[in-house]
Amino acid sequence: MTVYFAAAAVLLFYLCCVPVKFAVEMRLRHGAVFGAGGSIFEGRYALRGAHQRMLGEKKHLPWKKAELDINKTDALPALLHAARYALRHLRLEQLNLTGTIGARDAAATALLCGLARSLQAVLEPVAPPGAIQLDPLPDFSCDGSDLSFSGMISMTAGHIMLAALIGAQHYVRRRLIPWKENIRLKISCARRWRTYATWWTWTPSSANRSSPRTARP
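Quick look at the structure, then. Because the structure is predicted, anything quoted here is derived from the model rather than measured.

**Structural notes on the pattern of salt bridges**
So, step 1. Going through the model one piece at a time under the given rule, you end up with 5 salt bridges.
So, step 2. Between lysine 21 and glutamate 93 there is a salt bridge; the shortest N-O distance is 3.4 Å. A residue pair is termed long-range when its members are at least 10 positions apart, and lysine 21 in strand E1 (residues 19–28) and glutamate 93 in strand E3 (residues 91–101) qualify at 72 residues. As far as the burial class goes, lysine 21 and glutamate 93 line up, both buried.
So, step 3. Linking glutamate 42 and arginine 44 is a salt bridge whose minimum nitrogen-to-oxygen distance equals 3.7 Å.
So, step 4. On the basis of relative accessibility, which here comes to 38%, the residue glutamate 42 falls in the partly exposed class.

**Structural notes on the side chain of serine 150**
So, step 1. Relative to the helices and strands, serine 150 resides in strand E6 (residues 146–156).
So, step 2. Accessibility expressed as a relative area gives 11% for serine 150, which makes it buried.
So, step 3. Non-local contacts of serine 150, meaning those with residues more than four positions away in its chain, are made with Val24, Glu25, Gln94, Leu95 and Asn96.

**What about helix H3 (residues 72–88)?**
So, step 1. Taking 1.5 Å per residue as the helical rise, H3 with its 17 residues ought to reach 24 Å, and the 24 Å between its terminal C-alpha atoms agrees with that figure.
So, step 2. Within H3 the residues assigned to the buried category are Asp74, Ala78, Ala82, Tyr85 and Ala86. With its buried residues spanning 100° around the axis, H3 presents them on a single face. Across from the buried face of H3, at angles greater than 90 degrees, the exposed residues are Lys72, Thr73, Leu76, Leu79, Leu80, Arg84, Leu87 and Arg88.

**Thoughts on the packing of aromatic side chains**
So, step 1. Under the defined criterion, the tally for this structure stands at 1 aromatic pair.
So, step 2. Centre to centre, the rings of phenylalanine 13 and tyrosine 14 are 5.6 Å apart; their planes meet at 75°, and the pair counts as edge-to-face.
So, step 3. Assessed through its relative accessible area of 52%, phenylalanine 13 is described here as exposed.
So, step 4. Looking at tyrosine 14, the relative accessible area reads 55%, which means it is exposed.

**Observations concerning the pairing of E3**
So, step 1. Relative to E6, E3 is paired through 9 bridges, and the arrangement is antiparallel. Each residue of the ladder has a partner; that of arginine 91, found in E6, is serine 154.
So, step 2. In this structure, E3 lies alongside strand E4 (residues 132–134), joined through 3 bridges in parallel fashion. Of the residues in E4, the one forming a bridge with asparagine 96 is glutamine 133.
So, step 3. Read as a crossover between parallel neighbours, the route from E3 over helix H4 (residues 106–123) to E4 is right-handed.
So, step 4. Taken together, the 2 bridges between E3 and strand E5 (residues 137–138) define a ladder with parallel strand orientation.

Rules of the game
Residues numbered from 1 in each chain as written. Predicted model: local features only at pLDDT ≥ 70, side-chain atom pairs only at ≥ 80, totals over all residues. Heavy atoms only, no water. Salt bridge = Lys/Arg side-chain N within 4 Å of Asp/Glu carboxyl O. Helix = DSSP H or I, 4+ residues; strand = E, 2+ residues; numbered from the N terminus. Buried < 20%, exposed > 50% of the residue type's maximum accessible area, 1.4 Å probe, protein only. Contact = heavy atoms within 4.5 Å. Expected span 1.5 Å × (residues − 1). Arc of directions from axis to C-beta. Phe/Tyr/Trp six-rings, centres within 6.5 Å; stacked < 30°, edge-to-face > 60°. Pairing = 2+ DSSP bridges. Right-handed = clockwise from strand over helix to strand, strands pointing away.

Shape descriptors only; they carry no functional weight alone.
Written out as structure tokens, the structure reads:
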């Protein structure tokens, strides 16, 4: 039996260490075309899936809105806690932006290109070498942009499961707070009513019967 538990523990450990890749690709030219993909271990398959979905060669993943009884007031803080944990273990694998930027104003065009290159300088320390390529070119002759964007992030399966558990824990804890307050209020009211009932049924005759008799001198 110990061997089975050890094998299951080792299998779970390696399963939690599996890297999960998420990729997106977008093309901006007279409208935005978007595609997303995911894979494990190899990021090129995630990028290939995102590119095929953007071109329409592959269908988008089916998305069905789940009808769950979720309180949005309690779900938002839980989601923020889960996202804060996930961001600490998120790894930026690739971020590319190529093409031309054109705006109605030449100053706005230059400003947008400068912001993109400034963002590259900010993100380069937290990304692998050569993973960030943000070099759009300004186009002052036209009023429109032709941009191609692609990005990929990765996270281990264990960190994804832990982020989901942290979010669920905070959500359940916030949902239990009104229930605990209601239970405490009921207990307090019951104790108070019991004290009032004891005081109401108390009479001097019952007090004399319950008290010991004292000898007369």
